[in-house]
Amino acid sequence: MTSDTTRTTTGKGGETHQQAGDGHETMTTQVGTPIADDQNTLKIAPRGPSLIEDQIFREKLFHFDHERIPERVVHARGYGAHGTFELKEDLSDITCAKVLTEVGEKTEVFVRFSTVAGNKGSPDLARDVRGFATKFYTKEGNWDLVGNNIPVFFIQDAIKFPDLIHAAKQEPDRAFPQAQTAHDNFWDFISLMPESINMALWIMSDRTIPRSFRFMEGFGVHTFRLVNAEGKSTFVKFHWKPRQGMQSVLWDEAVKVNGADPDFHRRDLWDAINAGDYPQWDLGLQIFDDDFADRFDFDVLDATKIIPEEQVPVRKVGTLTLDRMPDNFFMDTEQVAFQTGNIVRGIDHSNDPLLQGRNFSYLDTQLKRLGSPNFNHIPVNAPKCPFAHLQQDGHMAMHNPRGRANYEPNSHGEGPREDPERGFRSYPAEEAGPKERVRSETFADHYSQARQFYLSQTDVEKDHIVNAFTFELSKVERLAIRQRMVSHLRNVDEGLAEAVADSLGLEEMPVAAEPARPVIETEPSPALSILKNAPDSFAGRKLGVLLTDGIDAGLFDALKEAAEGAGAMVEVVAQKVGGVTAEGGRRIEADQKLDGAPSVIYDAVAVIASPDGAKTLGGMHGAKTFLADARAHMKFIALSPAAREGFWPAAVPAEPDEGVHTLNDAEAAGSFLKACGRLRFWDRAA
Ligand code: HDD
């Protein structure tokens with residue numbers, strides 16, 4: 001058989017097997033040898049054995065076999081984007097860090113958002129804390145602000161981190177549940193660690209089911225130091241405030257979104273950035289001095305506590321804009337290595353024992369995950385400012401020191417030298433005292449801020465917290481753990497404890513846990529509620545429009561125009577992805593087929609149906625749940641007159657309320673979009 005015959009039998013030719021030359025580069029091996037045949041291994045005869053000599057095949061398979069690297073031990077699932085940080089306010093009175101003093105300077109950044117507990121392939125809408133890690137490529141080296149979307153943490157001392165994460169991840173004997181804290185081990189640990197109760201309140205709130213990475217806050221969590229040119233230190237807490245406003249989903253939506261689109265948050269960021277709708281956050285600083293730290297009710301070094309914004313206002317000093325997705329996920333998002341130890345002159349650590357422990361862990365983990373001490377040679381990790389050091393060799397060294405002298409001091413006149421003027425200096429804090437394993441007494445109040453958090457929520461949000469505790473504890477098999485959790489909740493709020501105990505069906509109210517310190521009453525902090533700070537805008541949100549054949553296309557056009565005018569995205573949903581034919585024969589293409597696009601993936605929905613179309617929809621399960629779910633999830637709904645008359649009664653066993661608009665002309669479309677700015681029609685919940 002000739003080689004030509006062999007090619008024919010393997011189906012070579014046509015679109016799939018184009019050859020180099022027609023606009024394609026020549027495929028090569030890793031070492032640049034052009035490849036003539038990428039379809040067949042080297043054989044003795046067409047039906048004979050393959051040869052081990054085949055260097056092209058072996059190189060390809062060898063590389064494939066080693067494609068995976070260990071996933072992050074926490075925050076395994078994440079999604080990142082590039083952008084810039086622009087400083088708006090000169091802070092040279094409190095720091096000498098150029099990134100915080102050069103107004104108008106645009107510093108490149110890379111941000112990775114993540115969930116904590118789930119493995120790399122887990123669904124995006126797991127109830128979980130979200131990581132919000134930012135790498136600033138400053139002129140003076142990389143500064144990593146490795147934060148979360150929640151301003152407090154579970155534990156006070158880093159030595160408990162492995163226990164926390166072991167307890168939160170899937171149980172080791174059975175390897176489930178995945179990406180969920182709704183299991184015995186997690187609540188066993190939490191209920192035995194009263195310091196985690198404040199964070200427990202936060203994670204049972206809607207903060208852990210954000211609608212999008214774009215709609216959540218970020219926090220540096222710890223107290224850090226800023227140090228000015230004179231060497232004076234000020235304390236600081238870092239915040240990210242989303243310009244898009246905050247928004248979360250409902251638990252029932254989260255569960256359904258995970259089925260409909262496990263990549264919901266990834267897709268959302270990808271779609272927004274690629275559509276040019278760049279998400280932005282303001283960098284906010286809470287700045288305070290030793291005097292405030294001494295007066296404050298809690299220890300500012302305790303990462304389980306916030307400083308309420310009402311006590312120390314958040315000063316917005318600059319803006320982060322994410323405007324570019326990586327060209328390749330693995331290159332940047334997977335290989336990015338954050339480290340709390342990456343700080344620049346003018347920014348310094350505090351003695352927070354959690355932060356001190358993190359400074360060890362991040363560097364250590366990168367070696368395991370990326371396999372070489374040269375992980376900073378990977379482009380996403382490398383600084384963008386000049387750098388020079390004498391570290392050399394190791395796996396995958398990309399840039400070793402040049403010249404003869406690879407040591408300092410040397411008399412060859414070669415190599416980099418220290419710069420006492422520009423170099424990093426630690427703040428010379430005075431420390432003294434006995435060396436011992438101890439927890440400060442000032443860390444002992446575990447309930448007061450949990451109570452403040454709960455009492456700062458709206459009634460709707462309080463209900464969600466009760467429901468979340470009930471859901472999670474209902475999945476706990478051991479009664480004693482459920483009881484122990486409720487015994488803590490009694491110190492937070494008796495009403496909360498009673499509601500959870502009742503929903504769990506506890507026969508008796510457990511005795512309240514004994515607080516190490518008496519709970520103190522603090523003023524509620526409205527800044528802690530999502531709904532009290534919700535935006536009045538539908539910008540950046542998504543409207544799902546269900547269409548049928550035979551509709552008035554003008555109505556759809558008016559709605560689309562109003563939605564786009566409000567800065568929202570519109571997706572057309574139809575029975576067939578090919579689209580619908582409007583009255584008069586115009587084709588309107590669909591973006592989604594109905595059963596692939598349940599209403600949970602939209603922020604508001606509209607149904608434009610012809611009289612016949614409304615009837616058809618009324619007979620379709622998927623269409624009925626589209627509408628019924630939108631109503632149950634408090635969404636604003638617009639219905640064409642025929643949809644309202646012919647479809648609504650078939651889908652929903654109740655009269656339309658004020659959150660349901662009749663869509664009969666452009667004016668109605670405009671007022672519907674205005675209403676959508678409230679994001680949800682909460683009155684329906686009452
Ligand atoms: Fe951590 C990853 C945030 C406490 C040890 N952490 C990691 C990431 C974020 C955070 C956002 C993902 C970074 C990325 O996208 O690559 N971690 C936090 C916050 C904490 C915190 C806000 C408390 C305030 N972490 C914490 C402690 C320890 C660690 C106390 C250990 C002592 N964290 C790690 C780690 C990870 C990590 C094991 C896993 C992957 C990585 O570092 O790069 O080192």
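Residues numbered from 1 in each chain as written. Predicted model: local features only at pLDDT ≥ 70, side-chain atom pairs only at ≥ 80, totals over all residues.

1. Quick word on the overall build of the chain
Now for step 1: Looking only at helices and strands, one finds 19 helices and 18 strands in the chain.
Now for step 2: Relative to the 2.2 N^0.38 estimate, which gives 26 Å for 686 residues, the radius of gyration of the chain is 29 Å and therefore close to what a compact globule would have.
Now for step 3: Each principal axis of the C-alpha distribution contributes one length, and for the chain these read about 90 × 85 × 55 Å.
Now for step 4: Burial status across the chain gives 42% buried among its 686 residues.
Now for step 5: Sequence-distant contacts in the chain: of pairs separated by 6 or more residues, those separated by 24 or more amount to 74%. (Helix = DSSP H or I, 4+ residues; strand = E, 2+ residues; numbered from the N terminus. Rg over C-alpha atoms; globule rule 2.2 N^0.38 Å. Buried ≥ 20, exposed ≤ 12 C-beta atoms within 10 Å, placed from the backbone. Contact = placed C-beta atoms within 7 Å.)

2. Comments concerning the confidence of the model for the chain
Now for step 1: On average, residues of the chain score 96 in pLDDT, and 98% of them are at 70 or above.
Now for step 2: For residues 1–14, every residue scores under 50 in pLDDT, and the model assigns this stretch eight contacts once sequence neighbours within four places are set aside.
Now for step 3: In the predicted complex, the global pTM is 0.96; the interface-specific ipTM is 0.99. (pLDDT = per-residue confidence, 0-100.)

3. Here we look at the site of the ligand
Now for step 1: Of all residues adjacent to the ligand, which total 26 residues, the nearest are Arg72, His75, Arg112, Gly131 and Ser361.
Now for step 2: Counting residues per element, the shell around the ligand draws most heavily on helix α10 (residues 353–370), at six residues.
Now for step 3: A per-class count over the shell around the ligand returns 14 nonpolar, nine polar and three charged. (Near = placed C-beta within 6 Å. Nonpolar A, V, L, I, M, F, W, Y, C, P; charged D, E, K, R; others polar.)

4. Quick word on the pairing of strand β1 (residues 78–87)
Now for step 1: Counting buried residues along β1, eight of its 10 residues qualify, which places the element largely inside the surrounding structure.
Now for step 2: Where β1 meets strand β2 (residues 106–115), nine bridges bridge the pair, whose relative direction is antiparallel. The partner of Ala81 across the bridge, within β2, is Val111. (Pairing = 2+ DSSP bridges.)

5. Focus: unusual backbone geometry
Now for step 1: Cis rather than trans, the peptide bond between Phe176 and Pro177 has omega equal to 0°.
Now for step 2: The residue Pro177 is located in the loop between α3 (161–168) and α4 (184–192) in this model.
Now for step 3: For the bond from Glu408 to Pro409, the omega torsion is 5°, close enough to zero to count as cis.
Now for step 4: Here Pro409 is to be found in the loop between α10 and α11 (448–455).
Now for step 5: For Ala175, which is not glycine, the phi dihedral falls at a positive 60°.
Now for step 6: In this fold, Ala175 is placed in the loop between α3 and α4.
Now for step 7: One non-glycine residue, Leu679, adopts positive backbone phi at about 70°.
Now for step 8: Here Leu679 lies in the segment after α19 (666–676).

6. As for the UniProt feature "binding site: heme" (unreviewed entry) in the chain
Now for step 1: Per the UniProt record, the feature "binding site: heme" (unreviewed entry) sits at Arg72, Arg112, Phe161, Arg358, Tyr362 and Arg369.
Now for step 2: Here Tyr362 shows up in helix α10.
Now for step 3: The class of Tyr362 is partly exposed, set by 16 C-beta atoms lying within 10 Å.
Now for step 4: Excluding its chain neighbours within four sequence positions, the residues that come into contact with Tyr362 are Phe338, Gln339, Thr340 and Gly341.
Now for step 5: Considering the arrangement of structural elements, one finds Arg369 in helix α10.
Now for step 6: According to the C-beta neighbour criterion, Arg369 is partly exposed, with 16 such atoms within 10 Å.
Now for step 7: In this structure Arg369 touches Ile69, Pro70 and Arg72, once residues within four positions along its chain are discounted. (UniProt positions renumbered as here; feature names shortened; annotations may be inferred.)

7. Looking at the sheet that holds strand β17 (residues 637–639)
Now for step 1: On the basis of which strands lie adjacent, the open sheet formed by six strands has the order β15-β12-β11-β16-β17-β18 and parallel pairing. Only two strands of the sheet have a single partner each, and these edge strands are β15 (592–593) and β18 (660–662).
Now for step 2: With two bridges connecting them, strand β12 (residues 569–574) and β15 associate as parallel partners. Across the sheet, Ala574 pairs through a bridge with Lys593, a residue of β15.
Now for step 3: The strands touched by helix α15 (residues 553–565) within the sheet are β11 (542–547), β12, β16 (604–608) and β17, with β11 carrying the most contacts at an inclination of about 175°. (Axes fitted to C-alpha atoms, helices over the stretch in contact; angles between N-to-C directions.)

8. Side note on the packing of helix α16 (residues 611–618) against helix α18 (residues 641–651)
How two helices sit against one another is set out by the angle between their axes and by the gap between those axes.
Now for step 1: Running from N to C, α16 and α18 point in directions that differ by 10°, and their axes come no closer than 8 Å. Classed by the angle they form, the pair α16 and α18 counts as roughly parallel. Of α18, the residues touching α16 (which contributes Pro611, Ala614, Lys615, Leu617 and Gly618) are Ala642, Ala643, Glu645, Gly646, Phe647, Ala650 and Ala651.
Now for step 2: For the contact of α16 with α18, a count of residues per class yields eight nonpolar, two polar and two charged. (Parallel < 35°, antiparallel > 145°, perpendicular 65-115°, else oblique.)

9. Regarding the packing of helix α13 (residues 479–492) against helix α14 (residues 494–504)
Now for step 1: In the contact formed by α13 and α14, the axes pass within 6 Å of each other and the chain directions differ by 155°. Classified by the angle their axes make, α13 and α14 are roughly antiparallel. Contacts between α13 and α14 involve Arg482, Val486, Leu489, Arg490 and Val492 from the first element and Glu494, Leu496, Ala497, Val500, Ala501 and Leu504 from the second.
Now for step 2: Per-class residue counts for the contact of α13 with α14 are eight nonpolar, no polar and three charged.

10. Overview of the environment of Thr134
Now for step 1: Looking at the element boundaries, Thr134 is found in strand β3 (residues 130–138).
Now for step 2: Here the alpha-carbon distance between Thr134 and Gly220, two residues 86 residues apart in the chain, equals 9.8 Å.
Now for step 3: Residues in contact with Thr134, not counting those within four places in the same chain, are Val109, Val111 and Leu145.

11. So, the nonpolar core
Now for step 1: Membership of the largest hydrophobic core comes to 163 residues, with the highest contact counts inside it found for Leu201, Val545, Leu559, Val607 and Ile608.
Now for step 2: Among the elements that take part in this core, helix α5 (residues 197–203) stands out by supplying six residues, more than any other. (Core = buried A, V, L, I, M, F, W, Y, C linked by C-beta atoms within 7 Å.)

12. Examining helix α6 (residues 251–260)
Now for step 1: Every buried residue belonging to α6 is among Glu253, Ala254, Lys256 and Val257, and all of these are buried.
Now for step 2: The inward-facing, buried residues of α6 abut α7 (264–274).

13. What about the UniProt feature "domain: Catalase core" (unreviewed entry) in the chain?
Now for step 1: Here, the residues flagged by UniProt with the feature "domain: Catalase core" (unreviewed entry) are residues 28–416.
Now for step 2: As annotated, residues 28–416 comprises 22% helix and 19% strand, and the C-alpha atoms at either end are separated by 39 Å.

14. Some points on the domain arrangement of the chain
Now for step 1: By domain assignment, the chain separates into domain 1 (1–9 + 25–64), domain 2 (78–377), domain 3 (457–531) and domain 4 (536–685).
Now for step 2: Look at where the C-alpha atoms of domain 1 and domain 4 centre, and you get two points 54 Å apart. (Domains from an automatic or database assignment.)

15. Quick notes on the environment of Pro194
Now for step 1: Mapped onto the secondary structure, Pro194 falls in the loop between α4 and α5.
Now for step 2: Setting aside residues no more than four positions away along its own chain, Pro194 makes contact with His446, His488 and Ala513.

16. What about the environment of Met331?
Now for step 1: Here Met331 is to be found in helix α9 (residues 329–334).
Now for step 2: In the structure, Met331 is positioned 39 residues away from Phe292 in sequence and 44 Å away in space, judged by C-alpha atoms.
Now for step 3: If we ignore the near neighbours within four places in the chain, the residues touching Met331 are Pro326 and Val380.

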